[in-house]
Amino acid sequence: MTLRWLKWPAIILSALVVLLLFLAVLAYANRTRILVSLMSNKPFVEWAGTFERHDDYESEIPGSHAKAACQNSHANWGETTRQTVSLDGLWEIEEGSLTETAPHAFTHSIAVPGLITEASPSFEEVGKRSKYRDAFWYRTQFTLSDTPSTQAYICLHKAVYGAKVWLNGVALGEHFGAYTLSEFDASEAIRYGSENELVVRLGADRSQLPEFLPLGDDDEIERWHPGLWDSVSLVMTGEVSIANIKIEPNIDTDQVTIKADVYNSGQTPKHVRLSQQIAPWLQSDAVVAADTIEVALDAGSHTTISMTLDIEAPQLWSPENPFLYLSSAALEYQNDNGEWRASDDRATRFGMRKVEWRSGKNKGFYLNNRLYYLRGTNIALHRFFGDAERGSLPWNENWVRRLLTGHPKDFHWNSFRFHNGRAPNFWYDIADETGFIIADEYNFWSVARGTESGKWSAAELEKEFRGWMRENWNHPSIGWWDAANENNNPLSTDIIRRVRELDSTRQWENGGYQAPVGPNDPIEEHPYKLNSGGTLNLNDRAYTLDDFSTMDGHPPQATWGLFATYADAPDHPFINNEYAFLWITQAGRPTPLAQSAFDTMTGGLELSPQEYREAYAYVTSELSAYWRAMRGYSGVQHFVYLSKCNDKDDLPENWQVQTTSATCDSFLDVEALELEPRWRAYARNVFAPQLIYLKEWRNAAYPRGETVAIPMVLLNDGYDPLTGIVRLYIVDGNGTVVQASSPASVSLEPLGKQEIEIALNIPDIDAFTVFAELSSPTEAFETVWSRRKVGHPHPGVALPDPPFSGR
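The shown structure was predicted, so the numbers you read here are calculated from the model rather than taken from an experiment.

**Student:** Outline the sheet that holds strand β23 (residues 437–441), supporting the account with residue identities and numerical values.
**Tutor:** Taken in spatial order, the eight strands line up as β25-β24-β23-β22-β21-β28-β27-β26 in an open sheet, and their pairing is parallel. At either end of the open sheet lies a strand with only one pairing partner, and these are β25 (508–509) and β26 (523–525). Alignment of strand β21 (residues 374–379) against strand β22 (residues 415–418), held across four bridges, turns out to be parallel. Paired with Ile379 across the two strands is Phe418, which belongs to β22.

As C-alpha cells, this is what we get:
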C-alpha cells in the first residue's frame, strides 16, 4: 500500500512536465499570434515601453576623460612641437585577476588595436563571464629619447571593459567608458632616455563593472569581446597645451571660428600666445587665413581662446568634392625673460560645409544650403566584431579604405549610419577624405523594459556623450549625432538636452520612437513591411509585394505596438535606414529572423541558395527604389552593408559562438570584399542619382493580350536639368525580348520627381519580366534599370541581364 501511494507524486509530476512541454510547444507554434495579441493590447504596450527611473540614475564613477592633450592623437597631420608616439603594435597579454598585481608571466601576444579574440595563443570563453579570469592584462615597452617634456599623457582611444593603467609600476588612473577616449597623466612616471613599461588592465567581461555603466545595448550581440579596440598613443607637450580644438565653419559668411581649449599645467600663471593659420590640406604653404591672440592663463586652469578667420571663396566639402582644409595652431608662452617658448601645436583637418535638417514645408536634409537626398547603407561594426571571419580587418587601414570607397562609390552611396556603435577614429578620417555623410550612432538599442539601458546612469551616459562629441566634432563627414536605435527609453531624450549646447552645428536623432528633441531634428523609421505580419517593426497585418503598388510610401509607416514610429511630428524630416527584413547567410539560406518574410514571398516554397540570393537581390533593390521614388524620406539607407554574418553549419569548430546570425550582410568573402553578384549588379541601378522605378507589382496590372499604360517614377537627385530616354521591354523566360516600346524623351528637373506612363502590349504568356530603362542621349549619366517579375512562381526566379539596351 505504501509503495503504491509513493508512485502518485511521481505520476503527477510526470504529467505536469508533459503538460508544460505541451504548452511550450503550443506557445512556440503560435508565438506570432501570441505576440501580435500582446502588441494589440494597449495597456501591455504602454507597460512594456515604460522605463522607470532607478536608484542609480545619477550614479557615477570618476574616470580619466581627456582634459589636456589626447584629442585625436591617433593621427599627426603636421605637428612639430608636440611629440606623439604611436604605441600601436604587438603587445603581450595574459589573463588574470582583477587586482592591483599583474601576472608574473605574459605568455600570449596580441595586436593593438584589436580584440581579445585575436590573441595568440587564443584564450577560451572570451566575451562572457568565465572561471578562467576576471581580467586581461596588456603589457608593452617603449624607449624615448633623453630630451624631456614637461607634460606626457597616455591616450587610450577606446577600451573595454574598464581600463586601469600603470607606467613603470606607477598607477596613473582608471577609465570606464566603452566608447570614449581616456587620458592618463604620465608626466611624473615617464622615463626619458631609457625603457618604459606600460601595463593596462581590462575587465574580462561586462560583469566586472557596475550595471549602471553604459557599455552598449544590442540584442544581436552574443559575446561582448574586451580589448583595446582603438589606438594607443603617448603625447608629450610643454607646460601649456592645447587640450581640444573645435572648428566651426560658416559658409554663409566665408568664415571659420576656431575654439581652442588651452590648459596650463604649471603652478604659476602664464602669458600665452596662440597662432592659427589655415591652408588646404596637403598644401601647407598655401595659407588662406591666419591670426594670433595673446591671453593670460592662470595656474592649473583651462581657458577657451576663440578666433574667427575669413577665407576668401572657400572650396566647400561634400561627398562629391571632399575638399579638406588644415588648421594649424601653435601655442607659446612667455618665460621670465620675456622670451616666447614653443609649448604645443595642433594640426586639425576640417571641411567648409554646412549640414542641417529642416522641418516644415521644405523639410529635408540640407548640405551647404541645398536640399540633398541621402542614399546609402548601414555599417554595424560592433556586430561585425562577432563575425568568425572578422580577424584584424577593422584595424587594417587598406581594407577599411577599400570597404568605404569600392562598392559604396560604385553604388552611388553618399551616406551611411554607424549602426549601434562608434568606429575606430581612422574610419572617420577616411570618410572625411573620400566623402561620406555619417549618422554617428551610440550603442543604445532599447525597445522595451528589461534591456541593459534600463539600468544605465544618466550621469555616466552624459559623460560618454560629451567625450564622444569632443573627440569627433571636427569631422566633416559626421552629419548628425544619433543617440539611439529603435528606442523607447527616455534616457536618450534627457541626455540630448544635457549635451546639445556643446555643438550648435549638428542636430540629433533620438531613435525613432520618441519625440524629436529639437525643432528640426530628424526622425528615423524602419518600415519593415515584409516582416510577415506581425511582431517586429511593426505591422498591423501581413504585407505582400503587391501592397507596394498602392501604399503612398510616406512616414510614418510603422504605426503599431512597441516599434511604432513617433507619429506626432509630421512636419519633421524622416530618414528610412532599415526596410527590407530580408537577410541571407553566405551559404544562401535565410537567417532565422528573415525566414518568415521569405516564406510570405514564396508561399512557403523552399528555394535553392541561388534562388534565395536572387530573391534577396531583386526584392531588396526594388524596395530601395520604391522608398526613394515615393519621396517620403530625405534619405534611404539599406540595411546592412557590413555586419556579423555567420551560418552555424559553416562555422569553424574553434569559433566560440556557434549560432546563425539574425541579420546579415551580403559579402560572400568579407576579407576580399566580394559581394553577392546579383545584389552588386542591382544596387548600382537603384541607388543611382537618376532613378527609374516601375510602380506596379501586381500580376493583374499586366493583363495578357491587352495594351496597358505602365506607370513609372523618374527621379533626379542632382542639381542640373537633364534629358533622358525611357524604354520598356518585356522579356520571356529564355531572355528573349517579346515586346518593346518606342523610346520616349523625358526631362529630368533638378531634384525632381515625375510620374509617366508608357503604353505597351502585354504578350499572352504566363510569366515574363518587365524591364524599364532610363538612359542619357548625351551620356550625362549612366543607364539605369528597374525590373518587375510578373507571373513567376516566386521572386527567386533568375533574371536575364539586360543586353538589349537601345533595341
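**Student:** Got a sec to walk through the packing of helix α11 (residues 609–629) against helix α12 (residues 677–686)? Specific residues and values, please.
**Tutor:** Where α11 meets α12, the axes come as close as 9 Å, and the angle between the chain directions of the two elements is 10 degrees. On the basis of the axis angle, α11 is roughly parallel to α12. Taken together, the residues of α12 that come into contact with α11 (itself represented by Glu614, Tyr616, Ala617, Tyr618, Thr620, Ser621, Glu622, Ser624, Ala625 and Arg628) are Arg678, Trp679, Tyr682 and Val686. For the contact of α11 with α12, the per-class residue count stands at seven nonpolar, three polar and four charged.

**Student:** Quick rundown of the packing of aromatic side chains? Include the residues and the values.
**Tutor:** This model, assessed by the stated rule, comprises 50 aromatic pairs. Between the aromatic rings of Phe384 and Trp399, the centroid separation amounts to 6.0 Å while the plane-to-plane angle is 10 degrees, which identifies the pairing as stacked. Here Phe384 is found in helix α4 (residues 381–384), whereas its partner Trp399 is found in helix α5 (residues 397–405), with 15 residues between them in sequence. Comparing Phe384 with Trp399, the two get one shared label, buried. Ring pairing ties together the aromatic residues Tyr179, Trp229, Phe385, Trp395, Tyr442, Phe465, Trp468, Trp481 and Trp508, which thus form one cluster. Between Arg349 and the ring centre of Trp77, over which it is positioned, the NZ or CZ distance is 3.8 Å.

**Student:** So what about the layout of surface pockets? Which residues, and what values?
**Tutor:** The gaps of empty space that remain are located by a probe, the size of a water molecule, rolled over the atoms. There is about 380 Å³ of room inside the second largest pocket. Together, 18 residues line the second largest pocket, and Ser318, Glu320, Tyr372, Asp717 and Tyr719 are the ones closest to its centre. The residue makeup of the lining of the second largest pocket, split by class, is eight nonpolar, five polar and five charged.

**Student:** Pulling in residues and values, what's your account of the pairing of strand β34 (residues 737–740)?
**Tutor:** In this structure, strand β33 (residues 722–731) lies alongside β34, joined through three bridges in antiparallel fashion. Bridging from a neighbouring strand, Tyr729 pairs with Ala740 of β34. Turn length for the β33-β34 hairpin, with the two strands adjacent in sequence and antiparallel, is five residues, and the turn residue Gly735 shows positive phi of about 85 degrees.

**Student:** Go over the pattern of salt bridges, please, and point to the residues and values.
**Tutor:** One pass over the full model with this rule turns up 58 salt bridges. In this structure, the salt-bridge partner of Glu60 is Lys463, at a minimum N-O distance of 3.6 Å. Residue Glu60 is located in the loop between α3 (42–48) and β1 (83–86), and its partner Lys463 is located in helix α8 (residues 458–472); the two are separated by 403 residues in the primary sequence. The class for Glu60 is exposed, based on a relative accessible area of 52%.

**Student:** Can you tell me about helix α10 (residues 595–602), naming the residues and giving the values?
**Tutor:** The complete set of buried residues in α10 reads Ala597, Phe598, Met601 and Thr602. For α10, the buried positions fall inside an angular range of 125 degrees around the axis, keeping them on one side. Check the buried side of α10 and you find it contacts α11. Where α10 ends, the next residue or the one after it, Gly603, has phi of about 70 degrees, a positive value.

**Student:** Pulling in residues and values, what's your account of the state of the cysteines?
**Tutor:** Two cysteines, two sulfur atoms, one covalent bond between them: this is a disulfide. In this structure the tally under the stated criterion is two disulfides. Note on cysteine connectivity: Cys70 is disulfide-linked to Cys155, with sulfurs 1.9 Å apart. In this structure, the disulfide formed by Cys70 and Cys155 twists by about -75 degrees around the S-S bond and is classed as left-handed. Residue Cys70 is located in the loop between α3 and β1, and its partner Cys155 is located in strand β5 (residues 151–156); the two are separated by 85 residues in the primary sequence. We classify Cys70 as buried; its relative accessible area is 0%. Between the sulfur atoms of Cys645 and its disulfide partner Cys664 the distance amounts to 2.2 Å. Its S-S torsion of about 95 degrees marks the bond between Cys645 and Cys664 as right-handed, since a negative value means left-handed. Residue Cys645 is located in the loop between β28 (635–642) and β29 (667–669), and its partner Cys664 is located in the loop between β28 and β29; the two are separated by 19 residues in the primary sequence. Residue class for Cys645 comes out buried when judged on its relative accessible area of 2%. Sequence-ordered numbering of the bonded cysteines in the protein chain gives a pairing of 1-2, 3-4.

Criteria and thresholds
- Residues numbered from 1 in each chain as written.
- Predicted model: local features only at pLDDT ≥ 70, side-chain atom pairs only at ≥ 80, totals over all residues.
- Heavy atoms only, no water.
- Pairing = 2+ DSSP bridges.
- Helix = DSSP H or I, 4+ residues; strand = E, 2+ residues; numbered from the N terminus.
- Axes fitted to C-alpha atoms, helices over the stretch in contact; angles between N-to-C directions.
- Parallel < 35°, antiparallel > 145°, perpendicular 65-115°, else oblique.
- Contact = heavy atoms within 4.5 Å.
- Nonpolar A, V, L, I, M, F, W, Y, C, P; charged D, E, K, R; others polar.
- Phe/Tyr/Trp six-rings, centres within 6.5 Å; stacked < 30°, edge-to-face > 60°.
- Buried < 20%, exposed > 50% of the residue type's maximum accessible area, 1.4 Å probe, protein only.
- Lys NZ or Arg CZ within 6 Å of the ring centre and 35° of its normal.
- 1 Å grid on protein atoms, 1.4 Å probe; cavity = no way out; pocket = protein on both sides within 12 Å on 5 of 7 lines; lining within 4 Å.
- Points joined across faces, edges and corners; volume = space filled by probe spheres on them.
- Salt bridge = Lys/Arg side-chain N within 4 Å of Asp/Glu carboxyl O.
- Arc of directions from axis to C-beta.
- Disulfide = S-S within 2.5 Å.

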